[in-house]
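Chains, contacts and geometry: an overview
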Amino acid sequence: MKIARGLAALFLTTFFTSTLFAEYLYKDELLFNENLTVMVEDMGAELREKTGIGLYIVAVREIDNNRSIVELEREVMEQLEKPAVIIAFSEFDKQIDIYARPISLYKDFDKDGTLSPFPAFGGTILPILTAKSKDTPVAEKYAAALGNGYADVAEQLAASRDVKLDTAIGSTNRNIVNLLRIAFYGTILFAVGMYIRQRFFKKKKPDEQTT
């Protein structure tokens with residue numbers, strides 16, 4: 001029992017220490033996911049080294065003082081070395097945004113595409129964030145969505161500088177998006193099929209049936 005407690009304490013100490021000193025997972029009130037932290041720190045460090053751009057995640061439970069998410073991003077941006085991009089998410093406010101400075105950085109990645117609710121149009125965050133799953137803890141869903149979006153934006157920024165990230169998840173990221181596209185189109189086809197079935201193959205009412 002003492003050994004188990006000791007190992008648990010060691011794990012928690014290591015995890016919270018790594019989170020405390022995280023640089024690119026700049027603010028984390030929701031996720032507390034060691035795998036995400038390692039991925040973001042490794043990818044963020046390589047992106048900064050090869051392009052000079054800092055890419056950060058800010059994940060909060062709620063934005064205080066009735067501020068918007070853009071106001072939160074502006075406040076955080078003042079503390080960062082530019083050029084920088086922030087992916088910010090507030091759970092209770094249900095807001096997500098990507099903020100870049102200088103504004104010329106927006107030409108180096110597709111903000112609207114990344115934040116699209118439809119994977120068919122390039123969305124890599126919202127389709128996962130809004131997916132319903134009874135078996136997946138909400139914190140894990142948040143981590144998957146923000147990690148997927150982080151990798152997407154990082155790879156776009158690297159490509160804009162004609163460099164390749166060794167830490168990029170590449171094909172794995174694309175496979176996730178492709179699966180979401182399949183699910184998206186499948187839902188549409190199912191809805192169309194149900195409409196056609198109800199519209200053109202509707203059963204006759206009892207008084208319309210012939211004897």
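Here's a quick rundown of the structure.

Rules of the game
- Throughout this document, residue positions are counted from 1 along each chain, in the order its sequence is written.
- In keeping with the model being predicted, local features are shown solely for residues with a pLDDT of at least 70 and side-chain atom pairs are shown and tallied solely at 80 or more, while totals for entire chains, interfaces and linings include all residues.
- The side-chain values count all of the structure's non-hydrogen atoms but skip hydrogen atoms and water molecules.
- Counting from the N terminus, the helices are the DSSP runs of H or I reaching at least four residues and the strands are the DSSP runs of E reaching at least two.
- Exposure classes here rest on a 1.4 Å probe applied to the protein chains alone. A residue is buried below 20% of its type maximum, exposed above 50%, and partly exposed in between.
- Nitrogen and oxygen atoms within 3.5 Å of one another constitute a polar contact, given that in protein one can donate a hydrogen and the other can accept it, and given that sequence-neighbouring residues count only through two side-chain atoms.
- Contacts are residue-level and defined by heavy atoms, with any inter-residue pair within 4.5 Å sufficient.
- DSSP-based pairing: two strands are paired if at least 2 bridges between them are found.
- Only the stretch in contact is used when a helix axis is fitted, and all axes are lines through C-alpha atoms; the angle between N-to-C directions ranges over 0 to 180 degrees.

A short note on the side chain of Ser90
Along the chain, the position of Ser90 falls in strand S3 (residues 84-90). For Ser90, a relative accessible area of 0% corresponds to the buried category. A distance of 2.5 Å separates a polar atom in the side chain of Ser90 from a polar atom in the side chain of Asp93. Non-local contacts of Ser90, meaning those with residues more than four positions away in its chain, are made with Val60, Arg61, Glu62, Ile63, Ile69 and Gln95.

Things to note about the pairing of strand S4 (residues 95-101)
Most of S4 sits inside the fold, with five of its seven residues counted as buried. Bridge count between S3 and S4: seven bridges; the pairing is antiparallel. Counted as the bridge partner of Val85 is Ala100 from S4. The hairpin turn running from S3 into S4, its antiparallel successor, is four residues long, and Lys94 in that turn takes a positive phi close to 55°.

As for the sheet that holds S4
Taken together, four strands build an open sheet; the order of strands is S1-S2-S3-S4 and the sheet is mixed. The strands lining the two open edges of the sheet, one partner per strand, are strand S1 (25-28) and S4. Within this sheet the neighbouring strands show an average axis-to-axis angle of 10°, counted without direction. Of the pairings in the sheet, the one linking strand S2 (residues 54-60) to S3 comprises seven bridges and is parallel in character. Note that in S3 the partner of Val60 across the bridge is Ser90. Packing against the sheet, helix H2 (residues 34-51) makes contact with S1 and S2, and its axis sits at approximately 150° to S2.

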